[in-house]
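One letter stands for each residue in the lines below.
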Amino acid sequence: MRLRYNYRAYPDATQRRTLAQAFGCARVVWNDCLRVRKEAHAAGLPFVTSAELSKTYITNAKRTPEREWLADVSAVILQQSLRDLDTAFKNFFDSAKGKRKGPKVGPPRYKSKKDTRHSIRLNTNAFSIRDSGAVYVAKVGDLKVKWSRPLPAAPSSVSLTKDSSGRYFVSFVIDTAPEHLPAIGSETGVDLGLGRFAVLADGTKVGSPRFLRRAEKKLKRMQKALNRKAKGSNNRAKARVMVARQHARVADQRRDWLHKLSTKLIRDNQAVYVEDLAVNGLARTRLAKSVHDAGWAQFVRMLEYKATKHGRYVGKIGRFEPTSQVCSACGVKDGPKPLNVRQWACGECETVHDRDINAARNILAAGRADRLNASRSASKTRAKVPAQRVESGSRRKGQTTQAEIPSLKAGERVKAAWSHP
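Throughout, residues of each chain are indexed from 1 in the direction in which the sequence is written. Local features in a predicted model are, by the rule used here, given only for residues with pLDDT of at least 70; side-chain atom pairs are given and counted only at 80 or more, and totals for whole chains, interfaces and linings are based on all residues. By convention in this description, side-chain values take in all heavy atoms of the structure and omit both hydrogens and water.

A. Inspection of the packing of helix α4 (residues 211-228) against helix α5 (residues 234-268) at higher detail. Close contact between α4 and α5 brings their axes to 9 Å; oriented N to C, the two are set at 170°. Taken together, the axes of α4 and α5 lie roughly antiparallel to each other. Each of Phe211, Leu212, Ala215, Lys218, Leu219, Met222, Gln223, Leu226 and Asn227 in α4 lies in contact with α5, whose residues at this interface are Arg236, Ala239, Arg240, Met242, Val243, Gln246, His247, Val250, Gln253, Arg254 and Trp257. Split by residue class, the contact of α4 with α5 holds eleven nonpolar, five polar and four charged. As a rule, the C-alpha atoms of each element are fitted with a line to give its axis, helices using only the stretch in contact, and angles between N-to-C directions run from 0 to 180 degrees. Runs of E in the DSSP output that reach at least two residues are strands. Runs of H or I that reach at least four are helices, and both are numbered from the N terminus. These descriptions rest on fixed angle ranges, namely under 35 degrees for roughly parallel, over 145 for roughly antiparallel, 65 to 115 for roughly perpendicular, and the rest for oblique. Contact between two residues is taken to exist if any of their heavy atoms lie within 4.5 Å; hydrogens are not considered. In the scheme used here, Gly and all other residues not listed as nonpolar or charged are polar, with Ala, Val, Leu, Ile, Met, Phe, Trp, Tyr, Cys and Pro taken as nonpolar and Asp, Glu, Lys and Arg as charged.

B. Representation of unusual backbone geometry. In the Ramachandran plot, Lys139 falls in the positive-phi region, its phi being about 65° despite a non-glycine side chain. As for its placement among the helices and strands, Lys139 is situated in the loop between β4 (135-137) and β5 (141-143). A simple rule labels every residue: compare its accessible area, found with a 1.4 Å probe on the protein chains alone, to the largest value its type can have, and call it buried under 20%, exposed over 50%, or partly exposed in between. Overall, the relative accessible area of 48% leaves Lys139 in the partly exposed class. The phi dihedral of Glu350 is positive, around 65°, even though this residue is not glycine. In this structure, Glu350 sits in the loop between β14 (343-345) and β15 (352-354). Residue class for Glu350 comes out exposed when judged on its relative accessible area of 65%.

C. Looking closely at the sheet that holds β5. Here, any two strands with at least 2 DSSP bridges between them count as paired. Pairing in this open sheet of three strands is antiparallel, and the strands run β3-β4-β5 from one edge to the other. Each edge of the open sheet carries a strand with a single partner, namely β3 (127-129) and β5. Geometrically, the sheet is characterised by an average inter-axis angle of 25° between neighbouring strands, direction not taken into account. By the bridge criterion, three bridges tie β4 to β5 in an arrangement that is antiparallel. When the sheet's bridge partners are listed, Val135 is paired in β5 with Leu143.

D. Spatial organisation of the packing of aromatic side chains. Two aromatic rings, drawn from Phe, Tyr or Trp (for Trp, its six-membered ring), form a pair once their centres lie within 6.5 Å of each other, and the interplanar angle then sorts them: stacked below 30 degrees, edge-to-face above 60, tilted otherwise. According to the stated counting rule, one finds eleven aromatic pairs in the structure shown. Note on Phe47 and Phe89: the rings are 5.5 Å apart at their centroids and 80° apart in plane angle, and the pair reads as edge-to-face. Placement of Phe47 in the loop between α1 (13-42) and α2 (50-59) and of Phe89 in helix α3 (residues 75-97) is noted, with a sequence separation of 42 residues between them. Through successive ring pairs, a cluster of aromatic residues spans Tyr7, Phe127, Trp147 and Phe172. Whether a charge sits over a ring comes down to the Lys NZ or Arg CZ being within 6 Å of the ring centre and within 35 degrees of the ring normal. Lying over the aromatic face of Phe169, Arg8 brings its terminal NZ or CZ to 5.9 Å of the ring centre.

E. Examining the sheet that holds strand β10 (residues 196-200) more closely. What the five strands build is an open sheet, ordered β11-β10-β9-β12-β13; its pairing is mixed. For this open sheet the edge positions go to β11 (205-207) and β13 (313-317), each flanked by a neighbour on one side alone. Put simply, the sheet's adjacent strands are angled 20° from each other on average, direction ignored. The pairing of strand β9 (residues 187-192) with strand β12 (residues 271-275) spans four bridges and is classified as parallel. Counterpart to Val190 in the pairing with β12 is Val274. Most of the contacts of α5 go to β10, to which it runs at about 5°, and overall it touches β9, β10, β11, β12 and β13. Sitting on the sheet, helix α8 (residues 296-310) is in contact with β9, β10, β12 and β13, with an inclination near 140° to β13.

F. Spotlight on a positive patch on the surface. Exposure above 30% relative accessible area and the absence of a salt bridge qualify a residue for a patch, where like charges join within 9 Å and nonpolar side chains (Val, Leu, Ile, Met, Phe, Trp, Tyr) within 5 Å. Note that accessible areas follow from Shrake-Rupley with a 1.4 Å probe, and for residues the cover is restricted to the protein chains shown. Salt bridge, as used here, is a side-chain nitrogen of Lys or Arg placed within 4 Å of a carboxyl oxygen of Asp or Glu. For the charge count, each Lys or Arg is scored as positive and each Asp or Glu as negative, with His and the chain ends excluded. Charge placement uses NZ in Lys and CZ in Arg. For Asp and Glu, CG and CD serve respectively. Judged by side-chain charge, Lys217, Lys218, Arg221 and Arg249 come together as a positively charged surface patch. Looking at the element boundaries, Arg221 is found in helix α4.

G. Geometry of the side chain of Arg355. Mapped onto the fold, Arg355 is located in helix α9 (residues 355-381). Here Arg355 occupies a buried position and makes no salt bridge, while the nearest side chain of opposite charge, Asp356, is found at 5.1 Å.

H. Broad picture of the packing of α2 against α3. Where α2 meets α3, the closest approach of the two axes is 11 Å, and the angle between their N-to-C directions is 145°. Classified by chirality, the crossing of α3 by α2 is right-handed. Contact with α2, carried on its side by Ser50, Leu53, Ser54 and Ile58, involves Leu78, Gln79, Leu82 and Asp86 of α3 and no other residues of that element. Looking at side-chain class alone, the contact of α2 with α3 contains four nonpolar, three polar and one charged residues. Handedness of a crossing is defined here by the sense of rotation of the near helix relative to the far one, left-handed for an anticlockwise turn of less than a right angle and right-handed for a clockwise turn.

Remember that the coordinates give geometry; whether it matters functionally is a separate question.
This is the structure:
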């Protein structure tokens, strides 16, 4: 699997100027090539190839007085900028044809000199890691890097980034094998919310830290100070960096907290089931700020890639599953309930439920049923599905994909077992 390792870099004054020049050259190559392709499209001409663009706007452009400063940076940076443009066009075309999953991707856009975030990408020909721990970058020099953890393998590429708050990062891409954890028997369902960030099927409740809400008062004061500064002044630039640093601090706190929680869930459970929440839709309501502050989508992505890395399973149930309307004890659907109802009693078995715990238990039951039914369908269609429990490796001789569910018969589908875990 392919992983990305991010580290903080501390370039000196000379290296910061050199990196600024590299960011600018990569931006110019991107904009020049994008402009040519847009003009060709408007004129009804064929799509301009990468080879033609590389020859005209990189190799030959270095010999012209207008673009001779392109030779001051590594040619790898310029070529990678053109490759990134090709990738952006491919994503756009695939999205328009329906070949690319996920939300629609728009066409590439021009990059502005006033952007507060800049990045360049290099392959192994233009960087190396010194024995001293410094990272050598072609025509930039040895960058001081804070190694928070060792790299598990040799990197295949590196990205140098300057964020909105003025911090520099080096991001390595490595190819490594998954590190499967020992199989365990516990599984859980997770009900995500705003009042409490997560409620587990065993009754555990995880409070919502609300990092943005806690920093809102300070951010409001800093934003007012920024708005009072004259546009284009140095004082306004300094105030903008202060606001960006505070936002970066909030984002770092949220990311660190989500990493710790997702790691704990993956280590303590063989399978984790969550709801497929419509985050984009909820982010357009009056709860938008709270939804973004919670970071549900980021949390689910962390669960998914950590499950792949450690041999676990993460399943999603449909967002229209009536998890808050069904009794987890007897399975009777008791109808919708307003959000202010946090406890309710089942009219059939008279079991008193905590709304969130009951939903988490229903998510667990529905996730187990979906997973087993998917395994049953795969045996007929020969489709690939995540391995069951200890089947994370190759199958042994004579072992079928139904090894963990011997009670299934031909044509039988598994229903949710509505019972307490």
